[in-house]
Amino acid sequence: RFVIGKDLSNDSATKAFNTTLAEALWRELKDVHVDVMACVAGAIRTPGYIASQKGLPDAPGTLDAEDVAVRALNALGKGPSVVPGVINKVARFFMTRLLPRKTSISIMYNNTKKLS
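These lines cover the structure that appears in this document, whether it is placed above or below. Keep in mind it's a predicted model, so treat the numbers as computed, not measured.

## Observations regarding the packing of aromatic side chains
Thinking step 1. With the rule as written, the count across this model stands at one aromatic pair.
Thinking step 2. With a centroid separation of 6.1 Å and an interplanar angle of 85°, the aromatic rings of Phe-93 and Phe-94 are classed as edge-to-face.
Thinking step 3. In this structure Phe-94 comes out as partly exposed when scored by relative accessible area, which is 41%.

## What to know about the pattern of salt bridges
Thinking step 1. Counted according to the given criterion, the structure contains four salt bridges.
Thinking step 2. In this structure, the salt-bridge partner of Asp-64 is Arg-45, at a minimum N-O distance of 2.6 Å. Of the two residues, Asp-64 is situated in strand 3 (residues 63-64) and Arg-45 in strand 2 (residues 44-45); the sequence distance between them amounts to 19 residues.
Thinking step 3. For Arg-45, a relative accessible area of 29% gives the class partly exposed.

## A look at the side chain of Thr-62
Thinking step 1. Locating Thr-62 in the fold gives a position in the loop between helix 2 (47-53) and strand 3.
Thinking step 2. With relative accessibility at 11%, the residue Thr-62 sits in the buried group.
Thinking step 3. For Thr-62, the side chain forms a polar contact with the side chain of Tyr-49, separated by 3.3 Å.
Thinking step 4. Dropping the residues within four chain positions of it, Thr-62 is found in contact with Ala-43, Ile-44, Arg-45 and Tyr-49.

## Considering a nonpolar patch on the surface
Thinking step 1. A contiguous nonpolar patch, built from Val-86, Val-90, Phe-93, Phe-94, Leu-98, Leu-99 and Ile-107 and spanning about 610 Å² of accessible area, is present on the exposed surface.
Thinking step 2. Ranked by residue count, the leading element in the nonpolar patch is helix 4 (residues 86-98), at five residues.
Thinking step 3. Position of Val-86 among the secondary structure elements: in helix 4.
Thinking step 4. Of the residues examined, Val-86 reaches a relative accessible area of 62% and is grouped as exposed.

## Observations regarding the side chain of Asn-88
Thinking step 1. Topologically, Asn-88 is positioned in helix 4.
Thinking step 2. A relative accessible area of 11% means that Asn-88 is categorised as buried.

About the cut-offs
- Per chain, residues are indexed from 1 in the order of the written sequence.
- Per-residue local features are limited, in this predicted model, to residues with pLDDT of at least 70; the limit for side-chain atom pairs, both in listing and counting, is 80 or more; totals at the level of whole chains, interfaces and linings are taken over all residues.
- Water and hydrogen atoms play no part in the side-chain values, which are based on all heavy atoms of the structure.
- In this scheme Phe, Tyr and Trp rings, the latter by its six-membered ring, pair at centre separations within 6.5 Å, and the angle between planes marks the pair as stacked below 30 degrees, edge-to-face above 60, and tilted otherwise.
- To sort residues, take the accessible area from a 1.4 Å probe on protein chains only and compare it with the maximum for the residue type: under 20% means buried, over 50% means exposed, and anything in between is partly exposed.
- Salt bridges are identified by distance alone: a Lys or Arg side-chain nitrogen within 4 Å of an Asp or Glu carboxyl oxygen.
- The numbering of helices and of strands both runs from the N terminus, where a helix is a DSSP run of H or I of at least 4 residues and a strand a run of E of at least 2.
- The term polar contact refers here to a pair of N or O atoms within 3.5 Å; inside protein, the definition further demands a hydrogen-donor-capable atom paired with an acceptor-capable atom, and it admits residues adjacent in sequence only when both atoms are side-chain atoms.
- The criterion used for residue contact is that any of the two residues' heavy atoms lie within 4.5 Å.
- Excluding any residue in a salt bridge, patches collect residues exceeding 30% relative accessible area, merging like charges within 9 Å and nonpolar Val, Leu, Ile, Met, Phe, Trp and Tyr side chains within 5 Å.
- For the area figures, the Shrake-Rupley method with a 1.4 Å probe applies, and any residue is considered shielded solely by the protein chains shown.

Following this line, the structure appears as structure tokens:
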């Protein structure tokens, strides 16, 4: 059976779109003093996330929702995007700058395939 558009692929595509949209809006609205920022958080400990874990341990860098909100609010006015948490910043750097794209995709797939 071949399924297109599983939850994780839709989630990834939506996050990529939202980040790109926020960054473009940040620049377009900067001159009229409207601040837009993308919060590029990794796993956030929400009720949905906890249910999807099915007893599995948290992903590395998982943050509480309140912590993500505080970090995002503190980052307003400082740029088009924020990545909350040191582990998430390091992971993003490795996944987007150092590793080949195919390797990054495989890592993300292997770390999320048990989630639904």
